[in-house]
Amino acid sequence: MSYPKRTAAFASVAALAGSAVLMTAPAVHAEVVNVNYQCKTPIGDKSAVSPIDIKGVKSGSGYKITMSWQKGVSSSPVDLGKGAMNPSATIKLGGADSGTLNVTGPANQAVVPANTPIKINDLTGTYTPKKSGKVTFTAGVLTIKALGTTTTCTPTNSPGASLTLDVTAASGSSGGTGSSGGTQSDSGTGGALPQTGPEDSAIALGTLGGTVLLAGAAGALWLTRRNQAARVRR
């Protein structure tokens, strides 16, 4: 094959491989959504709008979901010391799935000054698809526990989904049987396919070496007997 033809062939193979990767990549749509939170606090009702970002990263048979706040919500009349505030939230599932996903995160790493918006650290959770199709993730209720009190913040503006994933149900979640790309055979039963790995290469080389050794010994024995017969004739 000439050089130009080989180059064209390699380019075609690379293009097909790239297309296959794009076809197998999960479909993801994400956008930052403004959420209007109405918060019930120990000192009264408060409200705040925060842009919410939700991301999903494939992890095993599920997805690691991360929920981020770009602005603080609610506030405290007193300073909150390091580790005094523990946030958690729910994410509403829609589309092919339903229910809620709980996400949690670490306590505050620094002191939160009094009467300032409380910045929420990223909250994470694991989502395992129960059904196949497009699943939406929408900001739900935020809960803040601090100094023995609980503040609950609820979206009131019917926010849209921050994330949409095109998922495939995890194997076994629907009660069906999973399929594999090949046919398996039980070890120790008849009909096993011949091996083609390094062990067979070693066996083959050992057999070949044994054959050569036997042939050499037979040749040496034949030469010895021939020499003995010649000496007797003399």
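Notes on the structure in this doc start here. The structure displayed is predicted, hence computed values, not measured ones.

1. Observations regarding the pattern of salt bridges
Consideration 1: Throughout the structure, instances matching the rule amount to 2 salt bridges.
Consideration 2: Where Asp-45 meets Lys-40, a salt bridge forms, and the shortest distance between an N and an O atom there is 3.1 Å.
Consideration 3: For Lys-40, a relative accessible area of 53% translates into the label exposed.
Consideration 4: With a shortest N-O distance of 2.2 Å, Asp-53 and Lys-55 are connected by a salt bridge.
Consideration 5: Since its relative accessible area comes to 47%, Lys-55 is described here as partly exposed.

2. Points about the nonpolar core
Consideration 1: Counting 34 residues, the largest nonpolar core has Tyr-37, Ile-65, Met-67, Trp-69 and Phe-137 as its most contacted members.
Consideration 2: For this core, the elements supplying multiple residues, two or more each, are β2 (33-41), β3 (44-59), β4 (62-69), β5 (85-95), β6 (99-104), β7 (123-127), β8 (133-146) and β10 (163-167).
Consideration 3: For this core, the leading source of residues is β8, giving 6 residues.
Consideration 4: In this structure, Phe-137 is in contact with Ile-54, Ile-65, Ile-91, Lys-92, Leu-93, Tyr-127, Ala-161, Ser-162, Leu-163 and Leu-165, ignoring residues within four places of it in sequence.

Conventions and cut-offs
Residues numbered from 1 in each chain as written. Predicted model: local features only at pLDDT ≥ 70, side-chain atom pairs only at ≥ 80, totals over all residues. Heavy atoms only, no water. Salt bridge = Lys/Arg side-chain N within 4 Å of Asp/Glu carboxyl O. Buried < 20%, exposed > 50% of the residue type's maximum accessible area, 1.4 Å probe, protein only. Core = buried A, V, L, I, M, F, W, Y, C linked by side-chain atoms within 4.5 Å. Helix = DSSP H or I, 4+ residues; strand = E, 2+ residues; numbered from the N terminus. Contact = heavy atoms within 4.5 Å.

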